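The lines below spell out each chain.
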Amino acid sequence: MSSLKISVGDTIPKGTFATIPFTEELADHSVCGIPTNLSTDSWKGKKVVLFSVPGAFTPTCHINHLPPYLAKYDEFKAKGVDVIAVIAANDPFVLSGWGRVEGLTDKIITLSDPNAAWSGGLGLSLDLSERGFGIRTARYAMIIDDLVIKYVEVESGPGVTVSGADAVLAKL
């Protein structure tokens, strides 16, 4: 992983991500949806929890990282969080499918960061080429309030600690 290029107190660098917003038509899994773009500009005046996984449907991400955010959704909302989003280097169709399998509906937004371009610019990418996965987003979490970073932590090894739902809730 490259060195972190952002810190608490910084304004979040602008990013635009492909996402497929949940609609009822997606619920039966027979349609793919149409990707739209979401800009970090839409987070102005909002409290956002952004967490990153190296890949949808991968064991740690699928079993240990994403599910606690969904299970604790009401706790995040009670602490004033307006938006919860997960970002990964997968394409928006894979992320939409993963979100549907996990039951995210409209509670957690899935954001596509192809080749970890945005994350990499922040020093938050991970080279998993030796496993055949290429460049991925690192496992990290941020709390962003009115576009200002209030918390940013990156996992230093395998597993979910500082980027997990409980760690982020404790910092809200």
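Up top is the structure.
Counting restarts for each chain, with residues numbered from 1 along the sequence as it is written. Local features in this predicted model are restricted to residues of pLDDT 70 or higher, and side-chain atom pairs are both shown and tallied only at a pLDDT of 80 or more, whereas totals for entire chains, interfaces and linings draw on every residue. To obtain the side-chain values, all non-hydrogen atoms of the structure were included, while hydrogens and water were left out.

Caption draft 1: Just the overall build of the chain, in detail. Per the secondary structure count, the chain includes 5 helices and 9 strands. Ordered by position in the sequence, the α and β elements of the chain form the string β-β-β-α-α-β-α-β-α-β-β-β-β-α. The principal-axis extent of the C-alpha atoms belonging to the chain is close to 40 × 40 × 25 Å. Out of the 172 residues belonging to the chain, those deemed buried represent 46%. Accessible surface, the chain: about 8000 Å² in total, of which carbon and sulfur atoms supply 53%. Averaging the positions of the 15 positive and the 19 negative side-chain charges in the chain gives two centres separated by 4 Å. Working definition: helices are DSSP H or I runs of at least four residues, strands are E runs of at least two. Numbering for both runs from the N terminus. Between buried and exposed lies partly exposed: a residue is buried under 20% and exposed over 50% of the maximum accessible area for its type, with that area taken using a 1.4 Å probe on protein chains only. Per-residue and other accessible areas follow the Shrake-Rupley method at a 1.4 Å probe size, with only the shown protein chains counted as cover for residues. Positive residues here are Lys and Arg, negative ones are Asp and Glu, while His and the chain termini are left out of the count. The location of each charge is read from NZ of Lys, CZ of Arg, CG of Asp or CD of Glu.

Caption draft 2: Representation of helix H3 (residues 92-102). Most of H3 is tucked away, with 8 of its 11 residues classed as buried. Of all the residues in H3, the buried ones are Pro 92, Leu 95, Ser 96, Gly 97, Trp 98, Gly 99, Arg 100 and Glu 102. With a side-chain oxygen positioned 2.8 Å from the backbone nitrogen of Phe 93, the residue opening H3 is Asp 91. Pairs of N or O atoms within 3.5 Å make up the polar contacts considered here, provided that, within protein, one atom can donate a hydrogen while the other can accept it, and that residues adjacent in sequence are counted only when both atoms are side-chain atoms.

Caption draft 3: Structural view of a negative patch on the surface. By definition, no residue in a patch forms a salt bridge, and every one has over 30% relative accessible area; like charges are joined within 9 Å, nonpolar side chains (Val, Leu, Ile, Met, Phe, Trp, Tyr) within 5 Å. The salt bridge criterion pairs a side-chain nitrogen of Lys or Arg with a carboxyl oxygen of Asp or Glu, the two atoms within 4 Å. A cluster of acidic residues, Glu 24, Glu 25, Asp 28 and Asp 106, forms a negative patch at the surface. Looking at the secondary structure, you find Asp 106 in the loop between H3 and strand E5 (109-112).

Caption draft 4: Summary view of the nonpolar core. The biggest cluster of nonpolar side chains holds 24 residues, and the ones touching the most others in it are Phe 51, Tyr 69, Phe 76, Ile 84, Trp 98, Ile 108 and Val 168. Those elements giving two or more residues to this core turn out to be strand E3 (47-52), helix H1 (59-71), helix H2 (73-78), strand E4 (83-88), H3, strand E8 (140-145) and helix H5 (165-171). Sort the elements by how many residues they give to this core and H1 lands first, with 4 residues. Apart from the residues lying within four places of it in its own chain, the contact partners of Val 168 are Val 49, Tyr 69, Phe 76, Ala 141, Ile 143, Tyr 151, Val 162 and Ser 163. Residues Trp 43, Leu 50, Leu 122 and Ala 138 belong to the second largest nonpolar core, which totals 22 residues. Only buried Ala, Val, Leu, Ile, Met, Phe, Trp, Tyr and Cys residues count toward a nonpolar core, and they belong to the same one when joined by side-chain atoms within 4.5 Å. Contact between two residues is taken to exist if any of their heavy atoms lie within 4.5 Å; hydrogens are not considered.

Caption draft 5: Here's a closer look at the environment of Tyr 69. Checked against the element boundaries, Tyr 69 lands in helix H1. Here Tyr 69 falls in the buried class, since its relative accessible area comes to 0%. Distance from Tyr 69 to Val 49, taken between C-alpha atoms, is 9.8 Å for residues 20 residues apart in sequence. Setting aside its immediate chain neighbours within four residues, Tyr 69 contacts Val 49, Phe 51, Phe 76, Ile 84, Ile 108, Ala 141, Ser 163, Gly 164, Ala 165 and Val 168. Polar contacts involving the side chain of Tyr 69 include one to the main-chain carbonyl oxygen of Gly 164, which spans 3.5 Å.

Caption draft 6: Spatial organisation of the packing of aromatic side chains. Two aromatic rings, drawn from Phe, Tyr or Trp (for Trp, its six-membered ring), form a pair once their centres lie within 6.5 Å of each other, and the interplanar angle then sorts them: stacked below 30 degrees, edge-to-face above 60, tilted otherwise. Counted by the stated rule, this structure contains 4 aromatic pairs. Their ring planes at 55 degrees and their centres at 6.4 Å tell us that Phe 57 and Trp 98 sit as a pair that is tilted. Here the residue Phe 57 occupies a position in the loop between E3 and H1, and Trp 98 occupies one in helix H3, the gap between them amounting to 41 residues. The exposure class of Phe 57 is partly exposed, given its relative accessible area of 43%. Summarising the aromatic geometry, the rings of Tyr 69 and Phe 76 are spaced 5.4 Å apart at their centres and angled 15 degrees between planes, so their arrangement reads as stacked.

Caption draft 7: Spatial organisation of unusual backbone geometry. With a phi angle near 45 degrees, Thr 105 is a residue other than glycine that sits in the positive phi range. Position of Thr 105 relative to the elements: it lies in the loop between H3 and E5. Phi is positive for Asp 146, close to 50 degrees, though the residue is something other than glycine. Relative to the helices and strands, Asp 146 resides in the loop between E8 and strand E9 (148-154). Here Asp 146 falls in the partly exposed class, since its relative accessible area comes to 34%.

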